[in-house]
Amino acid sequence: MKPVPKNGVLDIEIYVPGKSRAPDGIKLYKLSSNETPLGPPPAALEAASRTLFDLASYPDGQANDLKAAIAEVHGLNTANILCGNGSDELLGLLCQCYLAPGDEAIHTEHGFLVYEIQIKAAGATPVVAPETDRTADVDAILARVTEKTKLVFLANPNNPTGTYLPFDEIRRLQAGLPGNVILVLDAAYAEYVRRNDYGAGIELVSSAENVVMTRTFSKIYGLAGLRIGWLFGPEAIVQAIDRVRGPFNLNAAAIAAGAAAIRDRAFVEEAASFNAEWLEWTTREIEALGLTVTPSVCNFILIHFPDEPGKGAAEADAYLTARGYILRRVAGYGFPNGLRMSIGSEEANRGVVAALAEFLKSPSP
Ligand SMILES: *Cc1c(COP(=O)(O)O)cnc(C)c1O
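Rules and cut-offs
- Residues numbered from 1 in each chain as written.
- Predicted model: local features only at pLDDT ≥ 70, side-chain atom pairs only at ≥ 80, totals over all residues.
- Heavy atoms only, no water.
- UniProt positions renumbered as here; feature names shortened; annotations may be inferred.
- Pairing = 2+ DSSP bridges.
- Helix = DSSP H or I, 4+ residues; strand = E, 2+ residues; numbered from the N terminus.
- Axes fitted to C-alpha atoms, helices over the stretch in contact; angles between N-to-C directions.
- Salt bridge = Lys/Arg side-chain N within 4 Å of Asp/Glu carboxyl O.
- Buried < 20%, exposed > 50% of the residue type's maximum accessible area, 1.4 Å probe, protein only.
- Near = heavy atom within 4 Å.
- Polar contact = N/O pair within 3.5 Å; in protein donor to acceptor, adjacent residues only side chain to side chain.
- Areas by Shrake-Rupley, 256 points an atom, 1.4 Å probe, with all protein chains shown as cover.
- 1 Å grid on protein atoms, 1.4 Å probe; cavity = no way out; pocket = protein on both sides within 12 Å on 5 of 7 lines; lining within 4 Å.
- Sits in = over half its atoms within 2 Å of the grid points.
- Nonpolar A, V, L, I, M, F, W, Y, C, P; charged D, E, K, R; others polar.
- Disulfide = S-S within 2.5 Å.
- Lys, Arg positive; Asp, Glu negative; His and termini not counted.
- Contact = heavy atoms within 4.5 Å.

- The protein carries the name Histidinol-phosphate aminotransferase in an unreviewed UniProt entry, which gives Jiella endophytica as its organism.
- According to the UniProt record, the Catalytic activity (unreviewed entry) comment for the protein reads "L-histidinol phosphate + 2-oxoglutarate = 3-(imidazol-4-yl)-2-oxopropyl phosphate + L-glutamate".
- What UniProt records for the protein under Cofactor (unreviewed entry) is the sentence "pyridoxal 5'-phosphate".

**Observations regarding the sheet that holds strand β2 (residues 81-84)**
For step 1, the next point in the chain: Spatially, the seven strands line up as an open sheet ordered β2-β8-β7-β6-β5-β3-β4, and their pairing is mixed. Each edge of the open sheet carries a strand with a single partner, namely β2 and β4 (125-129). Going from strand to strand, the sheet's axes swing by 20 degrees on average, the running direction of each strand aside.
For step 2, the next point in the chain: Across three bridges, strand β3 (residues 104-108) lies against strand β5 (residues 149-155) in parallel orientation.

**Comments concerning the pattern of salt bridges**
For step 1, the next point in the chain: Within the structure shown, the criterion is met by 13 salt bridges.
For step 2, the next point in the chain: Here E280 makes a salt bridge to R284, at a shortest N to O gap of 3.6 Å. Separated by four residues within a single helix, E280 and R284 lie in helix α10 (residues 265-288), roughly one turn from each other.
For step 3, the next point in the chain: Salt bridges here are not isolated pairs; linked through shared partners, they connect D139, E169 and R172.

**A short note on unusual backbone geometry**
For step 1, the next point in the chain: In this model, N156 is joined to P157 through a cis peptide bond whose omega is 0 degrees.
For step 2, the next point in the chain: With omega at 15 degrees, the peptide bond leading from N159 into P160 counts as cis.
For step 3, the next point in the chain: Of note, the phi angle at R134 is positive, near 60 degrees, even though the residue is not glycine.
For step 4, the next point in the chain: With respect to the helices and strands, the residue R134 is situated in the loop between β4 and α5 (138-143).
For step 5, the next point in the chain: On the basis of relative accessibility, which here comes to 33%, the residue R134 falls in the partly exposed class.

**Some points on the site of the ligand**
For step 1, the next point in the chain: As a structural note, the neighbourhood of the ligand is formed by G86, S87, D88, F112, N159, D186, A188, Y189, T216, S218, K219 and R227.
For step 2, the next point in the chain: Note that a nitrogen atom of the ligand is positioned 2.6 Å from one of the side-chain N or O atoms of D186.
For step 3, the next point in the chain: Here the ligand loses 94% of its free accessible area of 390 Å² to cover by the protein chains.
For step 4, the next point in the chain: The site holding the ligand turns out to be the largest pocket.
For step 5, the next point in the chain: Partitioning the shell around the ligand into residue classes produces three nonpolar, five polar and four charged.

**Details of the state of the cysteines**
For step 1, the next point in the chain: This structure, assessed with the given rule, holds zero disulfides.
For step 2, the next point in the chain: Here C83 stays unpaired: no disulfide links it, and the sulfur of C97, its closest cysteine neighbor, is 16 Å away.
For step 3, the next point in the chain: Of the cysteine sulfurs around C95, a residue in no disulfide, the closest is that of C97, at 9.5 Å.

**Thoughts on the UniProt feature "domain: Aminotransferase class I/classII large" (unreviewed entry) in the protein**
For step 1, the next point in the chain: Summarizing the sequence annotation, UniProt attributes the feature "domain: Aminotransferase class I/classII large" (unreviewed entry) to residues 28-356 in the numbering used throughout.
For step 2, the next point in the chain: Helix makes up 40% of residues 28-356 and strand makes up 18%, while its end C-alpha atoms are separated by 16 Å.

**Examining the side chain of E131**
For step 1, the next point in the chain: Structurally, E131 is set in the loop between β4 and α5.
For step 2, the next point in the chain: As a buried residue without a salt bridge, E131 has its nearest oppositely charged side chain in R134, at a separation of 7.6 Å.
For step 3, the next point in the chain: A distance of 2.8 Å separates a polar atom in the side chain of E131 from the backbone nitrogen of H110.
For step 4, the next point in the chain: Residues within four places of E131 in sequence aside, it is in contact with T108, E109, H110, G111, A136, D137, N158 and T161.

**Notes on the sheet that holds strand β9 (residues 292-294)**
Hydrogen bonds between backbone groups are what pair the strands of a sheet, and the pairing can be parallel or antiparallel.
For step 1, the next point in the chain: Pairing is antiparallel in the open sheet, where four strands are placed in the order β9-β10-β13-β12. Each of the sheet's edge strands pairs with one partner strand only, and the pair in question is β9 and β12 (328-330). Between one strand and the next, the sheet's axes are offset by a mean angle of 35 degrees, whatever the strand orientation.
For step 2, the next point in the chain: In terms of strand pairing, β12 meets strand β13 (residues 335-342) through three bridges, oriented antiparallel. Bridge pairing links R328 to R340 in β13.

**Brief notes about the UniProt feature "modified residue: N6-(pyridoxal phosphate)lysine" (unreviewed entry) in the protein**
For step 1, the next point in the chain: Here the UniProt-annotated "modified residue: N6-(pyridoxal phosphate)lysine" (unreviewed entry) positions come out as K219.
For step 2, the next point in the chain: Inspection of the secondary structure assignment puts K219 in the loop between β7 (211-216) and β8 (229-232).
For step 3, the next point in the chain: Relative accessible area serves as the criterion here: at 14%, K219 is assigned to the buried category.
For step 4, the next point in the chain: Ignoring anything within four residues of it in the chain, the contact list for K219 reads S33, N34, T36, A188, Y189 and Y192.
For step 5, the next point in the chain: Within polar-contact distance, the side chain of K219 engages the side chain of Y189 at 3.1 Å.

Written out as structure tokens, the structure is:
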């Protein structure tokens, strides 16, 4: 006799985070986890550091200051907001609350890997909807809905492809789902998107009973290390998850830093402008080298390498890593010959482009 985890747990492939080491003595440019090169707003750092003087106290279990700041900035009601230890925690809680063994949850072909992990961890069955041109396909998702379906996960825009669905497609998706199926709109990169036809989902959540939107402070706010995410949803869903979450799931520094960061709208605007400029530049320069880049609205790009010996993603990754540029292998996302590059500082972006140019020119083995 020995302890055995419940069904599904051992089917999970362990999530491998982006690498963060360069060879000894070489300057590191970490472009593997879609972190911002700009860091957090200074007010967030100050707010977090003040909490260090009272570490003996539990944090506010309701994260009220953070909810109030989010509600104020986005014009929402705090009763519809739930904060999490990163949005990853909220994705897991949705699965814990709404999935049981035998249930199904849909995610897209190149969707964020955390969905599959959390669906399996809840003992349920992940169902994959194929994408078209590396973009989610509403008809393919709707065609996979059965009586067993309880959740549909859609990252909009998606990681690692960087593509998005316009808001009228999201509406069409919601309209096609049965009322008992929750549509989870993961808008981790919403702040970066500059498209008139994009919507993160706030209007849809407000007008439907079966849609939630998740957001994060890990990307544009530069607070990935503190783990802060939030969910906006109908009160019934928020209240269900509120029962299951850890009573102090956000630490005191996270609550304080998040509240300060989200109020700094000028910071967000500048960070988005910086990204837009370097996203365009980096995409253009890498395409000029003869590589294919999936058009992205995020703070990263998916680069596709040729099927020539010695010129593939694995070799490019080794070449870049040796020079301190750490990108992300995306074989686990269905792109064995791709690398995902986060948009970094000017120095990092220029450095990657120069190194890729050398790599492509160097003689193949
Ligand atoms: C980075 C990312 C998140 C954010 O996760 P946190 O747990 O909030 O750090 C969520 N969804 C997607 C698609 C992401 O790429």
